[in-house]
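Structure assessment
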Amino acid sequence: MKVTGLRCRICGKEFPPEALYTCDNCFGPLEVKYDWEWIKNRVSREKIEKGPKSLWRYKDFLPVDGEPVDLGAGFTRFIRASNLGEELGLKNLFLIDDSTNPTYSFKDRVVSVAVTKAKEFGMKAVGCASTGNLAGSIAAHAAKARLPAYIFVPRGIEKNKIIQALVHGANVIEVDGTYDDANRIATEVAEEHPDWGFVNINLRPFYAEGSKTLAYEAAERLGWTLPDQVVVPMASGALLCAIYRGFRDLERVGLVDEKDVVFNGSQPHGLPISRAVKLGTRVEPVRKMDTIVHSLAIGNPADGIFAKEIIEKTGGYAEDPVDREAIEGIKLLAKTEGIFTELAGGVTVAGLKKLVEEGRIDRSDVVVAYLTGNGLKTGEAIVDYLDDTLKIRPRLEDFEEVIA
Ligand SMILES: *Cc1c(COP(=O)(O)O)cnc(C)c1O
Ligand SMILES: [Zn+2]
């Protein structure tokens, strides 16, 4: 058996591989425990390379057995960003562009795994609390799996993200409060309906594993080597932790040589994880979040302490760009690489820029930065920061005049 159980990330207590997520001993979060011999005997570079062009090429590493609920997530574009690299002073900058996933964010990776698990558990519905991207992804995968979806979102997230969830027929519940309020009510609903799979609540240990594929892809695309440094956007910190585990998995089964990859995070200014790294303090929840980067706006990050620990022990750092810098990041990427990323991607690019300017990343380092969402989802946030269109009557002389 590939999955042997669940284990508390704080005290180590073990549990059966069921829809559990908190430790009854210390209230710590649980993680999936694998039989590494089982996995090692099944994986090889050749087998993976012959696999489907989606995250399911790494199925042997993922905590599911059933037929995948698959819209084609993963194995997205891996780009050598020589223009942006030149602009920033980096010779070996690579980007993974998850804006091209089926619902246009990296959340399709975690959701595809979690909804597959929900089916395996025989659950009757799926749901989540969402900062925006999870909503559309759950809605689409639930439609494919023919399950009803209950999606809790805070007030004020981007309209396109709501439209995307609604079009697939999901029940979208707009909560008068922040993401953390939406998450609290969703947790109560999950406890009330144990046969519903709330992907980031009672399925969280399984859900988080889908993000490990972003580590596997980086390694595979780099010819089965690990980068020197990564730059990862952070909301709850789960993605950063999963990429770290993903590199360890590959080392453990011998698909790559061991290497100490430096982990850097980027989070909008004022949010808890970057704040704690910069100030050298504990990760303290923040109640009021003053940022337009809704997809990363989590005031009480579930994986915050673990993300901070990884950043510190690998010798990395966390940056905290303000909204204006995130918008500049979007524009810089768009103008140099032809990629339109969402605000979270702007935070990543802006964070990367700061890390280089501070001398934390060397010119020759192999760097992988993760672009996790599509710019068309957050167009309304940047429209005021773009040049206006040139308006003319349908006459040649008008054209010559406006471009003069
Ligand atoms: C959810 C999300 C993240 C990261 O979320 P974590 O909670 O840290 O795993 C990053 N970028 C985008 C666009 C997201 O939607
Ligand atoms: Zn525990």
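Residues numbered from 1 in each chain as written. Chains lettered and ligands numbered in written order. Predicted model: local features only at pLDDT ≥ 70, side-chain atom pairs only at ≥ 80, totals over all residues. Heavy atoms only, no water.

What to know about the sheet that holds strand β8 (residues 171-175)
The following threshold applies: The rule for pairing is simple: two strands pair if DSSP sees at least two bridges between them. A helix here means a DSSP run of H or I that spans at least four residues, while a strand means a run of E at least two residues long, and both kinds are numbered starting from the N terminus. Axis angles are defined between N-to-C directions and span 0 to 180 degrees, where every axis is a line fitted to C-alpha atoms and, for a helix, only to the segment in contact. Contacts: residue pairs with any heavy atoms within 4.5 Å of one another.
An order of β8-β7-β6-β9 is seen for the four strands of this open sheet, with the pairing classed as parallel. In the strand order of this sheet, the two ends are held by β8 and β9 (196-198), each with one partner. For this sheet, the mean angle separating the axes of adjacent strands, direction not counted, is 20°. Sheet topology note: the strand β7 (residues 149-154)/β8 ladder contains five bridges and is parallel. The residue of β8 that forms the bridge with F152 is I173. Each of β6 (125-129), β7, β8 and β9 is contacted by helix α7 (residues 179-192), which is oriented at about 150° to β7, the strand it contacts most.

Things to note about the side chain of T372
Mapped onto the fold, T372 is located in the loop between β13 (366-371) and α15 (379-382). Those residues within four positions of T372 in sequence are excluded, and the remaining contacts are D98, Y104, S105, F106, P233, L239 and A344.

Description of the pattern of salt bridges
Selection rule: The working definition used for a salt bridge is a side-chain nitrogen of Lys or Arg within 4 Å of a carboxyl oxygen of Asp or Glu.
As enumerated under the stated definition, the model contains 31 salt bridges in all. Note that R245 and E209 form a salt bridge whose closest N and O atoms lie 2.7 Å from each other. One end of the pair, R245, is in helix α10 (residues 238-252); the other, E209, is in helix α8 (residues 204-209), with 36 residues separating them in the sequence. Here K391 and D388 are joined by a salt bridge, their closest N and O atoms 3.5 Å apart.

Section: the coordination of the zinc ion (ligand 2)
Note the cut-off: Donor atoms (N, O, S) are those found within 2.8 Å of the metal centre, with the cutoff raised to 3.2 Å for Na, K and Ca; water is not part of the atom list, so apparent gaps in a site can occur. Note on geometry labels: four donors, all angles 85 to 135 degrees, give tetrahedral; four donors become square planar and six octahedral when opposite donors are over 155 degrees apart and every other angle is between 65 and 115; remaining cases are irregular. Only protein chains enter the calculation, and the probe is 1.4 Å; a residue is then buried if its accessible area is under 20% of its type maximum, exposed if over 50%, and partly exposed in between.
Coordination sphere of the zinc ion (ligand 2), protein contribution only: C8 (SG), C11 (SG), C23 (SG) and C26 (SG), at 2.2 to 2.4 Å. Relative to the metal, the four donor atoms surrounding the zinc ion (ligand 2) lie at angles of 98 to 117°, and the coordination shape comes out tetrahedral. Along the chain, the residues donating to the zinc ion (ligand 2) are arranged with the sequence spacing C-x2-C-x11-C-x2-C. Of this pair, C8 sits in strand β1 (residues 3-8) while C23 sits in the loop between β2 (14-15) and β3 (30-34), and the two are 15 residues apart along the sequence. On the accessibility criterion, C8 (3% relative accessible area) is buried.

Some thoughts on α10
Applicable threshold: Multiplying one less than the number of residues by 1.5 Å gives the expected span of a helix.
Between its terminal C-alpha atoms α10 stretches 21 Å, which fits the 21 Å expected from 15 residues at 1.5 Å a residue. Among the 15 residues that make up α10, twelve are buried, leaving the element largely enclosed by the rest of the structure. Along α10, the residues classified as buried are A238, L239, L240, C241, A242, I243, Y244, G246, F247, D249, L250 and E251.

A short note on the environment of A135
Note on placement: A135 falls in helix α5 (residues 133-145). Counting along the chain gives 55 residues from A135 to R80, while the straight-line C-alpha distance between them is 30 Å. Ignoring any residue separated from it by four or fewer positions in sequence, one finds A135 in contact with S130, I151, V153 and A165.

Here we look at the site of ligand 1
Put simply, the test is: Being near a molecule or strand, for a residue, means having at least one of its heavy atoms within 4 Å of it. Shrake-Rupley sampling with a 1.4 Å probe provides the accessible areas, and residues are treated as covered by the protein chains on show and by no other component. Residues are grouped as follows: Ala, Val, Leu, Ile, Met, Phe, Trp, Tyr, Cys and Pro are nonpolar; Asp, Glu, Lys and Arg are charged; every other residue, Gly included, is polar.
Close to ligand 1 lie 15 residues, the nearest being K107, A235, S236, G237 and T372. Against a free-state accessible area of 380 Å², the protein chains account for coverage of 95% of ligand 1. Among the residues forming the shell around ligand 1, the class breakdown is eight nonpolar, five polar and two charged.

A closer look at a nonpolar patch on the surface
Inclusion rule: Think of a patch as exposed residues, more than 30% relative accessible area, with no salt bridge, where like charges cluster within 9 Å and nonpolar side chains (Val, Leu, Ile, Met, Phe, Trp, Tyr) cluster within 5 Å.
Together, L390, I392, L396, F399, V402 and I403 give the surface a local cluster of nonpolar side chains, amounting to about 570 Å² of exposed area. With respect to the helices, strands and loops of the structure, L396 is situated in helix α16 (residues 396-403).

A few points about the packing of aromatic side chains
We apply this condition: Ring geometry is summarised as follows: Phe, Tyr and Trp rings, the Trp one being its six-membered ring, pair when their centres sit within 6.5 Å, and such pairs are stacked at plane angles under 30 degrees, edge-to-face over 60 and tilted between the two. Here, a charge over a ring means that NZ of Lys or CZ of Arg falls within 6 Å of the ring centre while also lying within 35 degrees of the ring normal.
Counted under the stated rule, the structure contains ten aromatic pairs. Their ring planes at 35° and their centres at 6.2 Å tell us that F152 and F198 sit as a pair that is tilted. With F152 in strand β7 and F198 in strand β9, this pair connects stretches of sequence that are 46 residues apart. For the residue pair F152 and F198, the accessibility class agrees, reading buried in each case. An aromatic cluster is built from Y150, F152, W196 and F198, whose rings are joined through pairwise contacts. Its guanidinium or amino end placed over the ring of Y317, R360 lies 3.5 Å from that ring's centre, counting from NZ or CZ.

Re the nonpolar core
Short version of the rule: Here, nonpolar core means buried Ala, Val, Leu, Ile, Met, Phe, Trp, Tyr and Cys residues that are tied together by side-chain atoms lying within 4.5 Å of each other.
Counting residues in each nonpolar core, the largest one holds 72 residues, and the members touching the most others are F61, F247 and Y370. A total of seven residues in this core trace back to one element, the largest contributor, which is α10. The contacts of F247, once residues within four sequence positions are left out, are A215, A218, L226, P227, V230, V261, F263 and Y370. Counting 26 residues, the second largest nonpolar core, distinct from the first, contains V110, A118, A135 and A145.

Digging into the sheet that holds strand β5 (residues 92-97)
Two pairing modes exist for strands in a sheet, parallel and antiparallel, and in both the strands are linked by backbone hydrogen bonds. Read from one edge of the open sheet, six strands run β4-β5-β13-β10-β11-β12, paired in mixed fashion. At either end of the open sheet lies a strand with only one pairing partner, and these are β4 (77-80) and β12 (318-319). With three bridges connecting them, strand β10 (residues 229-233) and β13 associate as parallel partners. Bridging from a neighbouring strand, Q229 pairs with V367 of β13.

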